[in-house]
Amino acid sequence: MTTALIYDPIFLEHITPANHPEQPQRLQVAMDVLQALNWLERDGLVQLAPRADSEDDLAAVHEREYIRKVETAAR
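Read on for an overview of the structure. The residue numbering used here restarts from 1 in each chain and proceeds along that chain's sequence as written. Predicted model: local features are reported for residues with pLDDT of at least 70 only, side-chain atom pairs are reported and counted for 80 or more only, and whole-chain, interface and lining totals are derived from all residues. Based on all heavy atoms of the structure, the side-chain values leave hydrogens and waters out of the count.

**Structural notes on the packing of aromatic side chains**
- Centre distance within 6.5 Å is the pairing criterion for rings of Phe, Tyr and Trp, where only the six-membered ring of Trp is used; planes under 30 degrees apart are then read as stacked, over 60 as edge-to-face, and the remainder as tilted. Scanning all chains against the criterion turns up one aromatic pair.
- Measuring from ring centre to ring centre gives 5.8 Å for Y7 and F11, while their planes differ by 90°; the resulting arrangement is edge-to-face.
- Burial here depends on accessible area, computed with a 1.4 Å probe over protein chains only, as a share of the maximum for the residue type. Under 20% is buried, over 50% is exposed, and the range in between is partly exposed. Its relative accessible area of 30% is what places F11 among the partly exposed residues.
- For R42, the ring lying beneath its charged end belongs to W39, and the centroid distance is 4.8 Å. A ring is considered to have a charge above it if a Lys NZ or an Arg CZ atom is located within 6 Å of its centre and within 35 degrees of its normal.

This is the structure we're talking about:
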């Protein structure tokens, strides 16, 4: 079985409010554990560089109307 891991240190710069579950420390601990267990070198693990999603990628999990609203809000 193959498992893909998409990671970049820039993910640690994603800052959220204090009570939000997505915290840089949580990601750092997860990566530290994977490294300590040598799981990053395991057979079947493929490490991929992140890339920007296309609108079609996003539309696989979000309504296009929602994508438009987020695009508008981000401007």
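That shown, we press on.
**What about the side chain of T16?**
- A run of H or I in DSSP counts as a helix once it spans at least four residues, and a run of E counts as a strand once it spans at least two, with each numbered from the N terminus. Along the chain, the position of T16 falls in the loop between β1 (3-6) and α1 (24-36).
- Note on T16: relative accessible area 15%, which makes it buried.
- Within the structure, T16 has its side chain in polar contact with the backbone oxygen of E22 (distance 2.5 Å).
- For the purposes of these results, a polar contact is taken to be a pair of N or O atoms within 3.5 Å, where, inside protein, one atom must be able to donate a hydrogen and its partner to accept one; residues adjacent in sequence count only when each atom of the pair is a side-chain atom. A distance of 3.1 Å separates the side chain of T16 from the side chain of Q23, its partner in a polar contact.

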